[in-house]
Structure formats: C-alpha cells, structure tokens
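# A look at the structure
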Amino acid sequence: MIWPATKHTAFEMIHVHGSDALGVAEECVRMLLRRSDIDGVYTWLTVVDAIQENLRPAAA
C-alpha cells in the first residue's frame, strides 16, 4: 500500500471506529501474523502508524 492509500485508510478507520481505530488496526496485524501474511502485516503496521500520528494531535 502506498502512503496516500495508507493515510486514507487511517482516516477511514478513525472515521468509522473513532478512538478504537488503533485497537482495530492492531487486531488486523495480529490476525495477519497468525496467517503468516508478512506483506499484510507490513501494510497494516503502516496503517497503525498513520492512525497513531492522526490521533496524537487529538490527545494533546
């Protein structure tokens, strides 16, 4: 997933799940780890990072 798509996914996750978006994305990472989907894990870790960046200003 390229960065603009990752950023868009993070915004959509926050829009749908609110402050729970980070937990939902982390659960996606855990599920993909169990399936040994390394590319999927990398992709969702970038989404987790983007969610953290977007939620950080709201927490300050």
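Residues numbered from 1 in each chain as written. Predicted model: local features only at pLDDT ≥ 70, side-chain atom pairs only at ≥ 80, totals over all residues. Heavy atoms only, no water.

## What about helix 1 (residues 3–17)?
Here helix 1 contains 15 residues, and its C-alpha end-to-end distance of 21 Å stays within 8% of the 21 Å for a straight helix at 1.5 Å per residue. Where helix 1 ends, the next residue or the one after it, glycine 18, has phi of about 60°, a positive value. (Helix = DSSP H or I, 4+ residues; strand = E, 2+ residues; numbered from the N terminus. Expected span 1.5 Å × (residues − 1).)

## Considering helix 2 (residues 21–34)
The terminal C-alpha atoms of helix 2 lie 20 Å apart, and with 14 residues this matches the ideal 20 Å at 1.5 Å per residue to within 8%. When we look at burial in helix 2, the residues that qualify are Ala21, Ala25, Val29 and Leu32. Around the axis of helix 2, the buried residues are gathered within 80° of arc, so they sit on the same side. The first or second residue beyond helix 2 is serine 36, which carries a positive phi of 60°. (Buried < 20%, exposed > 50% of the residue type's maximum accessible area, 1.4 Å probe, protein only. Arc of directions from axis to C-beta.)

## Some remarks on unusual backbone geometry
Of note, the phi angle at serine 36 is positive, near 60°, even though the residue is not glycine. Its location among the elements puts serine 36 in the loop between helix 2 and helix 3 (38–59).

## Some words on the pattern of salt bridges
Per the counting criterion, the structure on display carries 2 salt bridges. One salt bridge in this structure joins arginine 30 and glutamate 27, with 3.1 Å as the shortest N-O distance. You can see arginine 30 and its partner glutamate 27 sitting in helix 2, 3 residues apart, about one turn around the helix. The class of arginine 30 is partly exposed, set by a relative accessible area of 39%. Overall, glutamate 27 belongs to the partly exposed group, its relative accessible area being 36%. Via salt bridges that share partners, Glu27, Arg30 and Arg34 belong to a single interconnected network. (Salt bridge = Lys/Arg side-chain N within 4 Å of Asp/Glu carboxyl O.)

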